[in-house]
Amino acid sequence: MCIRDRNTNLNMADRSGLSKALGYLYLLLIIIYTAANYFIFVFLTVRLKIGFDTKGIILLVIFHIFLIMFIWAFLMTSMTDPGRVPQYWGYYLDQSEQRNRKYCLTCHTFKPERCHHCSVCNRCVLNMDHHCKWLQVCIGFYNRKYFILLLFYVLLTLLVMVAGSTYTAVIIISKISSDTQKKSLSVADYVILVSYVVMFLLFLVLAKFFYFHVKLCVDNLTTCLLYT
């Protein structure tokens, strides 16, 4: 029995280590994609196509405001502890509440309602929503609001980038469809067009994801409660 429990714990530790390694890879991909999109939008789209006139400067100011708020929400979501079970919780309940209290066999502690054990973080998370593999952190009681703000500012940043690049993308597409003007296109034009398509698709996906989580908050639910 002890050997079986030890093997189970080792397998859980191996899966947790693999999930963390993949999580850091996802985090690295986010950083690389954000940096690449920043370069494409600021130095290729705005600087080469739009120009640093009044329109371009206003666009860059709005973009950088939302970008700073996105980075702030990203850091707050990643660095804020999602919440732990209060010490000695469950020992001072009355008789009727004792029947409904839950016990975590891994953390060896009683758990409040909506508290779940995360196998990746190897801990119980207060009011756990889900484990975000892209941020390598659990979304719980204390950082869920920052997660919602993160999605909100990501959408605003993408919206500014898509809106600011639409006219340039339309011109590039019109040149591609024309045999006479197609030869005048540069590598930067194709990079801008590919980046625009990816940003547009990402905006649609994240908009649906943002709506899903806002609806959960309005309905007083979590992802764990919805799918368990």
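Basis of the calculations
Residues numbered from 1 in each chain as written. Predicted model: local features only at pLDDT ≥ 70, side-chain atom pairs only at ≥ 80, totals over all residues. Heavy atoms only, no water. Helix = DSSP H or I, 4+ residues; strand = E, 2+ residues; numbered from the N terminus. Contact = heavy atoms within 4.5 Å. Areas by Shrake-Rupley, 256 points an atom, 1.4 Å probe, with all protein chains shown as cover. pLDDT = per-residue confidence, 0-100. Phe/Tyr/Trp six-rings, centres within 6.5 Å; stacked < 30°, edge-to-face > 60°. Buried < 20%, exposed > 50% of the residue type's maximum accessible area, 1.4 Å probe, protein only. Axes fitted to C-alpha atoms, helices over the stretch in contact; angles between N-to-C directions. Parallel < 35°, antiparallel > 145°, perpendicular 65-115°, else oblique. Left-handed = near helix turned anticlockwise from the far one by under 90°. Nonpolar A, V, L, I, M, F, W, Y, C, P; charged D, E, K, R; others polar.

If you tally the helices and strands in the protein, you get 6 helices and 6 strands. In the protein, the succession of helices and strands from N to C terminus is α-α-α-β-β-β-β-β-β-α-α-α. Within the protein, residue pairs in contact and separated by at least 24 positions form 59% of the contacts whose partners lie at least 6 positions apart. Summing over all exposed atoms, the protein offers an accessible surface of approximately 14,300 Å²; the carbon and sulfur share of this is 67%.

Here the focus is the side chain of S165. As for its position among the elements, S165 is in helix α4 (residues 144–177). Once you skip the residues sitting within four places of it in the chain, S165 turns out to touch F41, T45, Y196 and M199.

Let us look at the confidence of the model for the protein. Taken as a whole, the protein shows an average pLDDT of 86; of its residues, 86% reach a score of 70 or greater. Note on residues 1–10: pLDDT is under 50 here. Beyond four places in sequence and across chains, it has 0 contacts.

Turning next to the packing of aromatic side chains. In the structure shown here, the tally under the stated rule is 11 aromatic pairs. Ring centres of Y26 and W134 lie 4.7 Å apart, and the angle between their planes is 40°; on these two criteria the pair is classed as tilted. Of the two residues, Y26 is situated in helix α1 (residues 2–50) and W134 in the loop between β5 (130–132) and β6 (137–139); the sequence distance between them amounts to 108 residues. Taking the centre distance of 6.3 Å and the plane angle of 90° together, the rings of F147 and F209 count as edge-to-face. Here F147, found in helix α4, pairs with F209, found in helix α5 (residues 187–218); they are 62 residues apart in sequence, far enough to count as distant. Its relative accessible area of 3% is what places F147 among the buried residues.

Let us look at the packing of α4 against α5. Viewed as axis vectors pointing N to C, α4 and α5 meet at an angle of 150°, and their least axial separation amounts to 7 Å. As the angle between them shows, α4 and α5 are arranged roughly antiparallel. Our pair here, α4 against α5, has a crossing hand that is left-handed. Of the residues contributing to the contact of α4 with α5, the split by class is 28 nonpolar, 4 polar and 2 charged.

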